[in-house]
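If you want the building blocks of each chain, they are given just below.
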Amino acid sequence: MMADFKAFIAKGNVMDLAVAVIIGAAFGKIVTSLTDDVIMPLVGWIFGGADFSNYFILLSTPGGYTGSPSDYAALKEAGAAMIGYGAFVTAAINFLILAFIIFLLVRYTKKVLAEFEKAPPEEAAGPTEIELLTEIRDELKKRG
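These numbers come from a predicted model, not from an experiment. (Residues numbered from 1 in each chain as written. Predicted model: local features only at pLDDT ≥ 70, side-chain atom pairs only at ≥ 80, totals over all residues. Heavy atoms only, no water.)

*Asks:* Which residues make up the overall build of the chain, and what values go with them?
*Replies:* Broken down by element type, the chain carries 5 helices and 2 strands. The globule rule puts the C-alpha radius of gyration for 144 residues at 15 Å, and the 32 Å found for the chain is more than 25% above it. Along the three orthogonal principal directions, the C-alpha set of the chain runs to about 110 × 50 × 20 Å. Every one of the 144 residues in the chain was classed for burial, and the buried ones make up 11%. Within the chain, contacts between residues at least 6 apart in sequence are counted, and of these 49% link residues at least 24 apart. Carbon and sulfur atoms make up 67% of the accessible area of the chain, which totals about 11900 Å². Across the chain, 12 positive and 16 negative side-chain charges occur, with their mean positions spaced 7 Å apart. (Helix = DSSP H or I, 4+ residues; strand = E, 2+ residues; numbered from the N terminus. Rg over C-alpha atoms; globule rule 2.2 N^0.38 Å. Buried < 20%, exposed > 50% of the residue type's maximum accessible area, 1.4 Å probe, protein only. Contact = heavy atoms within 4.5 Å. Areas by Shrake-Rupley, 256 points an atom, 1.4 Å probe, with all protein chains shown as cover. Lys, Arg positive; Asp, Glu negative; His and termini not counted. Charge placed at Lys NZ, Arg CZ, Asp CG, Glu CD.)

*Asks:* Describe the pattern of salt bridges, with residues and values.
*Replies:* In the structure shown here, the tally under the stated rule is 2 salt bridges. Among the salt bridges present, the one from D138 reaches R137, with a minimum N-O distance of 3.2 Å. A salt bridge links R143 to E139; the shortest N-O distance between them is 3.8 Å. On the criterion of helical spacing, the pair formed by R143 and E139 is a turn pair, its members being 4 residues apart in helix 5 (residues 129–143). Judged by its relative accessible area of 70%, R143 is exposed. (Salt bridge = Lys/Arg side-chain N within 4 Å of Asp/Glu carboxyl O.)

*Asks:* Report on the side chain of T35, specifying residues and quantitative values.
*Replies:* One can find T35 in helix 2 (residues 12–46). When neighbours within four sequence positions are excluded, T35 is seen to be in contact with M40, P41, T90, I93, N94 and I97.

*Asks:* Account for a nonpolar patch on the surface, with residues named and values stated.
*Replies:* A surface patch of nonpolar side chains, amounting to about 690 Å² of accessible area, comprises L34, V38, L42, W45, I46 and F47. Along the chain, I46 falls in helix 2. Taking relative accessible area as the criterion, I46 reaches 60% and is therefore assigned exposed. (Patch = residues over 30% accessible without salt bridge, like charges linked within 9 Å, V, L, I, M, F, W, Y side chains within 5 Å.)

*Asks:* Tell me about helix 4 (residues 85–118), residues and numbers included.
*Replies:* In an α-helix, one turn spans 3.6 residues, which is why side chains three or four residues apart end up on the same side. The end-to-end C-alpha distance of helix 4 is 49 Å, a good match for the 50 Å that 34 residues give at a rise of 1.5 Å each. If you check which residues of helix 4 are buried, you get G86, T90, N94 and I97. (Expected span 1.5 Å × (residues − 1).)

*Asks:* Please provide a residue-by-residue account of the packing of aromatic side chains, values included.
*Replies:* What the rule picks out here adds up to 3 aromatic pairs. Seen in terms of ring centroids, Y55 and Y85 are 5.9 Å apart; in terms of plane orientation they differ by 55 degrees. Their pairing is tilted. Of the two residues, Y55 sits in the loop between helix 2 and strand 1 (57–60) while Y85 sits in helix 4, which places them 30 residues apart along the sequence. A relative accessible area of 38% means that Y85 is categorised as partly exposed. Consider the rings of F56 and Y72, whose centres lie 5.3 Å apart with planes at 45 degrees: the pair is tilted. Within this pair, whereas F56 is found in the loop between helix 2 and strand 1, its partner Y72 is found in helix 3 (residues 72–78), the two being separated by 16 residues in sequence. The buried category is assigned to F56, whose relative accessible area is 15%. (Phe/Tyr/Trp six-rings, centres within 6.5 Å; stacked < 30°, edge-to-face > 60°.)

Have a look at this one:
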């Protein structure tokens, strides 16, 4: 069973997939940071200092909650029923950025593959073995 598992893991496709998952997770963190730390503050600045992560609709507060009804993080930690549409807008922007970058990568890959298909086949660098042997035979016939 262990030998079969080692053979399965050692296949190139499985290793490529593992690398892709790790790189994808790291790339996702970069996009999240880009959205949270660059894009959303700019959008907030354009709309008059709005912080989209704190936009929510409070449906009900949990019993015994004494904090501010406008503190999204405290309400979420307390388990309040809320619709966090600001967080949804941020997640939607993250998705759009990732989808656009994946689109660009796929488009570029298709373009490169099309260039390889258009390329003419490489010509032989010199005569084949058969041609060389034929030349040698013909030369030997002439001499002898």
